[in-house]
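# Structural features, examined
Letter by letter, the chains look like this.
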Amino acid sequence: MRIGAHVDQVDPLAEALARGADLAQFFLGDPQGWKAPVVAYAGGAAALRADAEAAGVDLYVHSPYVINVATSNNRIRIPSRKLLAQHATLAAEIGAKGLVVHGGHVLKDDDPEGGFDNWAKTLERFEPPLPILIENTAGGGNAMARHLDRIARLWEVLDGRCSVSTMGSVGFCLDTCHAHAGGEDLAGIVDRVKAVTGRVDLVHANDSRDTFDSGADRHANLGSGSIDGDDIVAVVAAAGAPVVCETPGGAAGQGADITFLRDRLPT
Ligand SMILES: [Zn+2]
């Protein structure tokens, strides 16, 4: 099983090495901004791709938090689509295995069906050059991917509207902190997700500083938050997918989390 961490974008390969990681996830620019993505690595996209291949490190890109393709607000939705497409292009250029994007949300009084429709419109209009991994979120009022029933409806709408080849590139990223804080029981969650999406492509293995169903999104090192460490290990084992620790503490903290998983996973 490939296990790694979310790291700084300047030299993700050195960061992976420092953590004993098999893979690195990072941003392409400012996660809170609307600027077009950039590759910070010296030598650019081609060098990063070649060096990652040589080092045997798989790359994943996390798209900016500002992206919300679901919203009815044109001034957010239209630039979100553009930024997502730009990120997909550049992530494919560096040879990334997937681009993670949050499910987003609609406005408080909006019908969530409008959000599912906006997701379908986004994916009807562009053929992803790499897997787009839709991630569950902890909170966000009227979220598209906090609870299983909404995730099920999202997939139902996308399946009905998008081409078979596009759906082949639409995957799911399961975040354990977000599920717990969002009010989804981790016991059996991989089976419940797979029952509606057919797949889990990536696991974000994070403990949660906050309690079950708090709606708060604050990650903690494995075994130090409000989730039983065994429950996180069980999710990772059941998913059988690559794993990213998006936890605090830099190389030492994340390296310990990677070891935490490797020590407890069945071999
Ligand atoms: Zn995450």
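As shown above, the structure is provided for reference.
In what follows, the accompanying structure is described. Residue numbers run consecutively from 1 along every chain, following the written order of its sequence. Reporting of local features is limited, given that this is a predicted model, to residues whose pLDDT is at least 70; pairs of side-chain atoms are given and counted only at 80 or more, and all residues count toward the totals for whole chains, interfaces and linings. To get the side-chain values, all heavy atoms of the structure are used, and hydrogens and water are removed first.

All right, on to the coordination of the zinc ion then. Looking at the zinc ion, one finds its protein donor set to be Glu135 (OE), Asp175 (OD), His204 (ND1) and Glu246 (OE), positioned 2.1 to 2.2 Å from the metal centre. Coordination at the zinc ion is irregular: its four donor atoms span angles of 82 to 165 degrees at the metal. Donor atoms: N, O and S within 2.8 Å of the metal, or within 3.2 Å for Na, K and Ca. Because water is excluded, sites can look incomplete. Read in sequence order, the donor residues for the zinc ion give the motif E-x39-D-x28-H-x41-E. Of this pair, Glu135 sits in strand E5 (residues 132-135) while His204 sits in strand E7 (residues 202-204), and the two are 69 residues apart along the sequence. Accessibility assignment for this pair places Glu135 and His204 in one class, buried. Sites are called tetrahedral only when four donors show all angles between 85 and 135 degrees, square planar or octahedral only when four or six donors show opposite pairs over 155 degrees and all other angles between 65 and 115, and irregular in any remaining case. Helix numbers and strand numbers start at the N terminus; a helix is a DSSP run of H or I with at least 4 residues, a strand a run of E with at least 2. Residue burial is assigned from relative accessible area. The probe radius is 1.4 Å, only protein chains are included, and a residue is buried under 20% of its type maximum, exposed over 50%, and partly exposed in between.

Geometry is summarised by axes, namely lines fitted to C-alpha atoms with helices restricted to the contacting stretch, and by angles between N-to-C directions that run from 0 to 180 degrees. Interaxial distance between helix H4 (residues 112-124) and helix H5 (residues 148-161) falls to 9 Å at its minimum, and their mutual angle equals 40 degrees. With respect to H5, the element H4 is oriented oblique. Here H4 runs over H5; the crossing is right-handed. Facing H4, whose interface residues are Pro112, Glu113, Phe116, Asp117, Trp119, Ala120, Lys121, Leu123 and Glu124, H5 presents Arg150, Arg153, Leu154, Val157, Leu158 and Arg161. An angle below 35 degrees is treated as roughly parallel, one above 145 as roughly antiparallel, one from 65 to 115 as roughly perpendicular, and anything else as oblique. In this scheme the handedness of a crossing depends on how the near helix is turned from the far one: anticlockwise by less than a right angle means left-handed, clockwise means right-handed. Residues are treated as being in contact if the distance between any of their heavy atoms lies within 4.5 Å.

Now for the packing of aromatic side chains. Note on aromatic contacts: the rings of Phe and Tyr and the six-membered ring of Trp form a pair at centre separations within 6.5 Å, being stacked when their planes are under 30 degrees apart, edge-to-face when over 60 apart, and tilted otherwise. With the rule as written, the count across this model stands at two aromatic pairs. Taking 5.6 Å as the distance between ring centres and 75 degrees as the angle between the ring planes, the aromatic pair formed by Phe27 and Tyr65 counts as edge-to-face. Residue Phe27 is located in the loop between strand E2 (23-26) and helix H2 (44-55), and its partner Tyr65 is located in the loop between strand E3 (58-62) and helix H3 (74-93); the two are separated by 38 residues in the primary sequence. Each ring, one from Trp155 and one from Phe172, has its centre 5.8 Å from the other, and the planes form 70 degrees; the classification is edge-to-face. One end of the pair, Trp155, is in helix H5; the other, Phe172, is in strand E6 (residues 170-175), and 17 residues separate them in sequence. According to the relative accessible area criterion, Trp155 is buried, its value standing at 3%. We count a charge as sitting over a ring when the NZ of a lysine or the CZ of an arginine lies within 6 Å of the ring centre and within 35 degrees of the ring normal. The cationic tip of Arg264 hangs over the ring face of Phe260; the distance from NZ or CZ to the ring centre is 3.7 Å.

Moving on: the pattern of salt bridges. We define a salt bridge as a contact between a side-chain nitrogen of Lys or Arg and a carboxyl oxygen of Asp or Glu at a distance within 4 Å. What the rule picks out here adds up to 14 salt bridges. Among the ionic pairs, Glu15 bridges to Arg19, the shortest N-O distance being 2.9 Å. On the criterion of helical spacing, the pair formed by Glu15 and Arg19 is a turn pair, its members being four residues apart in helix H1 (residues 12-19). The exposure class assigned to Glu15 is partly exposed, which follows from its relative accessible area of 24%. A salt bridge links Asp117 to Arg161, with the shortest nitrogen-to-oxygen separation between them at 2.9 Å. With Asp117 in helix H4 and Arg161 in helix H5, the pair connects residues that are 44 residues apart, well separated along the chain. Each member of the salt-bridge network shares a partner with another, and the members are Asp117, Lys121, Glu124 and Arg161.

Let's shift gears to H4. Expected helix span is given by 1.5 Å per residue-to-residue step, counting one fewer step than there are residues. The first and last C-alpha atoms of H4 sit 18 Å apart over 13 residues, in line with the 18 Å expected at 1.5 Å per residue. Within H4, burial applies to Pro112, Gly115, Phe116, Asn118, Trp119, Ala120, Thr122 and Leu123. For this analysis, a polar contact is any N or O atom pair within 3.5 Å, provided that within protein one partner can donate a hydrogen and the other can accept it, and provided that sequence-adjacent residues contribute only side-chain to side-chain pairs. Where H4 begins, the side chain of Asp111 points an oxygen toward the backbone nitrogen of Glu113, at a separation of 2.9 Å.

Moving on, we come to the side chain of Thr247. Checked against the element boundaries, Thr247 lands in the loop between strand E10 (243-245) and helix H10 (250-264). Each residue touching Thr247, except ones within four places of it in the same chain, is listed here: Ala205, Asn206, Ala220, Asn221, Gln254 and Asp257.

Here the focus is a negative patch on the surface. Patch members must show over 30% relative accessible area and no salt bridge, and they are joined within 9 Å when carrying like charges or within 5 Å when they are nonpolar side chains of Val, Leu, Ile, Met, Phe, Trp or Tyr. Accessible surface area values rest on a Shrake-Rupley calculation with a 1.4 Å probe, where residue burial reflects the displayed protein chains alone. In this tally, Asp and Glu contribute negative charge and Lys and Arg positive charge; neither His nor the terminal groups of the chain are included. Charge positions come from single atoms, namely NZ of Lys, CZ of Arg, CG of Asp or CD of Glu. A surface patch of like charges, here negative, comprises Asp185, Asp228, Asp230 and Asp231. Tracing the backbone shows Asp231 in helix H9 (residues 229-239). Looking at Asp231, the relative accessible area reads 35%, which means it is partly exposed.

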